[in-house]
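# Analysis of the macromolecular model
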Amino acid sequence: MKNKRRYPRTARLNELIREIIAEELERLNDERLELVTVMHVVVDPDLHHATVWVENPGGEARDTEVLAALEERRPQLQAAIGRQARMRRTPLLAFRPDEVERTAARVEDVLRSVDD
C-alpha cells in the first residue's frame, strides 16, 4: 500500500511559495513593501500561474502602490522561488490585495451597528 501524503502537492507548493515570498520581502530594501504580509498563495494545478494575496497596513489606499512595487519585484521573487524550491519552471506570479480581513472588519462594523 502506498504511503499517502498529508497534503496534496499543490497545497505543499502553495505554502512553500508563500514562505519564500514572505522571506524575500523581508530582505528587500523597498519602502513601499514594508510591513506587507503574504496571506495566501494558490498555484494553478498546471503550475503555470500562482496568485499571491497580500495585505498591507495602509489598506485600500495603498493597494495600487504596493501591487506596482510587487510587480516590479516579480522577476526577483520568481528567481528566489526557482532557487529555493528547486523548480525548473516557476509559476508566473500575480498579486492581489487580500479582501478577507477587510470584509471581516466591515461585517464586524455592521454587526456592532445593529447591536446599538
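In short, a report on the structure. All values reported here derive from a predicted model rather than from experimental measurement.

### Points about the pattern of salt bridges
- Summed over the entire model, instances satisfying the criterion amount to nine salt bridges.
- Beyond isolated ion pairs, a larger network of salt bridges with shared partners links Asp30, Arg32, Glu72 and Arg73.

### Considerations on the environment of arginine 89
- For arginine 89, the location among the structural elements is in the loop between α2 (63–85) and β3 (92–97).
- In sequence terms arginine 89 and alanine 79 are 10 residues apart; their C-alpha atoms lie 9.8 Å from each other.
- Within the structure, arginine 89 has its side chain in polar contact with the side chain of histidine 48 (distance 2.9 Å).

### Details of the pairing of strand β2 (residues 49–55)
- In the sheet, strand β1 (residues 37–43) pairs with β2 via six bridges, with the strands oriented antiparallel. For valine 43, the partnering residue across the bridge sits in β2 and is alanine 50.
- The antiparallel pairing of β1 with β2 creates a hairpin that spans five residues between the two strands, and leucine 47 there sits at a positive phi of about 65 degrees.
- In terms of strand pairing, β2 meets β3 through six bridges, oriented parallel. Among the inter-strand pairings, threonine 51 is bridged to a residue of β3, identified as alanine 94.
- Where the polypeptide runs from β2 across α2 and back to β3, its parallel neighbour, the crossover connection is right-handed.

### What about the nonpolar core?
- Core analysis: the biggest nonpolar cluster contains 25 residues, and Ile21, Leu25, Leu33, Val52, Leu70, Ile81 and Leu93 have the highest contact counts within it.
- Put simply, the parts of the chain that give this core at least two residues each are α1 (9–27), β1, β2, α2 and β3.
- Beyond its immediate sequence surroundings of up to four residues, valine 52 is in contact with Ile21, Val38, His40, Val41, Leu93, Ala94, Phe95 and Arg96.

### With respect to the sheet that holds β2
- The strand order across the open sheet formed by three strands is β1-β2-β3, and the pairing between neighbours is mixed. One side of each edge strand has no neighbouring strand; the edge strands of this open sheet are β1 and β3. This sheet shows a mean twist of 25 degrees between the axes of neighbouring strands, independent of strand direction.
- Along the sheet, α1 makes contact with β1, β2 and β3, crossing β1 at roughly 145 degrees.

Cut-offs used in this document
- Residues numbered from 1 in each chain as written.
- Predicted model: local features only at pLDDT ≥ 70, side-chain atom pairs only at ≥ 80, totals over all residues.
- Heavy atoms only, no water.
- Salt bridge = Lys/Arg side-chain N within 4 Å of Asp/Glu carboxyl O.
- Helix = DSSP H or I, 4+ residues; strand = E, 2+ residues; numbered from the N terminus.
- Polar contact = N/O pair within 3.5 Å; in protein donor to acceptor, adjacent residues only side chain to side chain.
- Pairing = 2+ DSSP bridges.
- Right-handed = clockwise from strand over helix to strand, strands pointing away.
- Core = buried A, V, L, I, M, F, W, Y, C linked by side-chain atoms within 4.5 Å.
- Buried < 20%, exposed > 50% of the residue type's maximum accessible area, 1.4 Å probe, protein only.
- Contact = heavy atoms within 4.5 Å.
- Axes fitted to C-alpha atoms, helices over the stretch in contact; angles between N-to-C directions.

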